[in-house]
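Analysis of the macromolecular model
Chain by chain, the residues run as shown.
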Amino acid sequence: VIDFEDLPPGAQGDLEAFLAAARARCRPHGWTLAVTAPPANPDWNLAALGRSADRLILMAYDEHWQTGAPGPIASDPWFASVVKRDVAQIPPGRTIVAVAAYAYDWPAKGPATVLSIPQAQALAAQNKVKPERDPSSGAEHFAYVAGGVPHQVWMSDAGAVRGQVKSARAAGAEGIALWRLGTEDPVIWKP
């Protein structure tokens, strides 16, 4: 898996050439070459990248990111929209959609801390608050105060992951990936 992030727009041609050369080196070994790409970014030519690699992993998360404003990591409407549009650009059978499986804890000022879902659930219990599912985004969230500082926590729990997996499959994704293993809600592994 090749994961170059924050590339300047002018680097796309070089990335495509690099992937094509890497794919040619992988092929005799029977290896699959995958490349990651951000969703909804006009600077990334998903169709060309999808032709240059065997698989394209669409990182369909961070609608609200660690250094941005608090909010759902990937709201259901945003996720469905970007995945449908982006999967349609990639050659059939090559798209893997990566879904979030973690939480962000934003203090009133400053960047968020990444938490596992069990850590976020424990934090809610410790602060005697019950996470609520936001009906417009499909994400669980809660607020608490620590040391006089208000915090907002947004989670991509099992319910959110399951809904997004269904949405990604409906859009034509070949497979699903989680970012990142070890931070997920253990309930997602139960049938």
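The following paragraphs examine the structure supplied in this document. Predicted model only: the values in this text are computed from it and were never measured.

Topic: the sheet that holds strand β8 (residues 149–155)
- Strand order across the open sheet formed by five strands is β5-β4-β8-β7-β6, with antiparallel pairing between neighbours. Of all the strands in the sheet, the pair left with one neighbour each is β5 (113–115) and β6 (132–133).
- Where strand β7 (residues 140–146) and β8 come together, seven bridges link them in antiparallel fashion. In the sheet register, Ala-146 faces β8, and the bridge partner there is Val-149.
- Packed on one face of the sheet, helix α4 (residues 117–126) meets β4 (103–107), β5, β7 and β8 and runs near 135° to β8.

Details of the sheet that holds strand β3 (residues 95–100)
- Overall, parallel pairing links the four strands, which are arranged β1-β2-β3-β9 in an open sheet. Each having just a single partner strand, β1 (34–37) and β9 (175–179) make up the two edges of the open sheet. Looking at each pair of strands side by side, their axes are set apart by 25° on average, direction ignored.
- Direction of pairing for strand β2 (residues 55–59) relative to β3: parallel, over a ladder of four bridges. Bridge assignment links Met-59 to a residue of β3, and that residue is Ala-98.
- Lying over the sheet, helix α5 (residues 158–170) contacts β3 and β9, oriented at roughly 145° with respect to β9.

Overview of the side chain of Ser-116
- Within the secondary structure, Ser-116 is located in the loop between β5 and α4.
- Dropping the residues within four chain positions of it, Ser-116 is found in contact with Ala-103, Gly-182 and Thr-183.

Considerations on helix α3 (residues 76–87)
- Here α3 contains twelve residues, and its C-alpha end-to-end distance of 16 Å stays within 8% of the 16 Å for a straight helix at 1.5 Å per residue.
- Among all positions in α3, only Phe-79, Val-82, Val-83, Asp-86 and Val-87 are buried. An end-on view of α3 places all buried positions within 115° of arc, on one side of the element.
- Buried residues along α3 sit against α2 (46–52), β2, β3 and α5.

Criteria and cut-off values
Residues numbered from 1 in each chain as written. Predicted model: local features only at pLDDT ≥ 70, side-chain atom pairs only at ≥ 80, totals over all residues. Heavy atoms only, no water. Pairing = 2+ DSSP bridges. Helix = DSSP H or I, 4+ residues; strand = E, 2+ residues; numbered from the N terminus. Contact = heavy atoms within 4.5 Å. Axes fitted to C-alpha atoms, helices over the stretch in contact; angles between N-to-C directions. Expected span 1.5 Å × (residues − 1). Buried < 20%, exposed > 50% of the residue type's maximum accessible area, 1.4 Å probe, protein only. Arc of directions from axis to C-beta.

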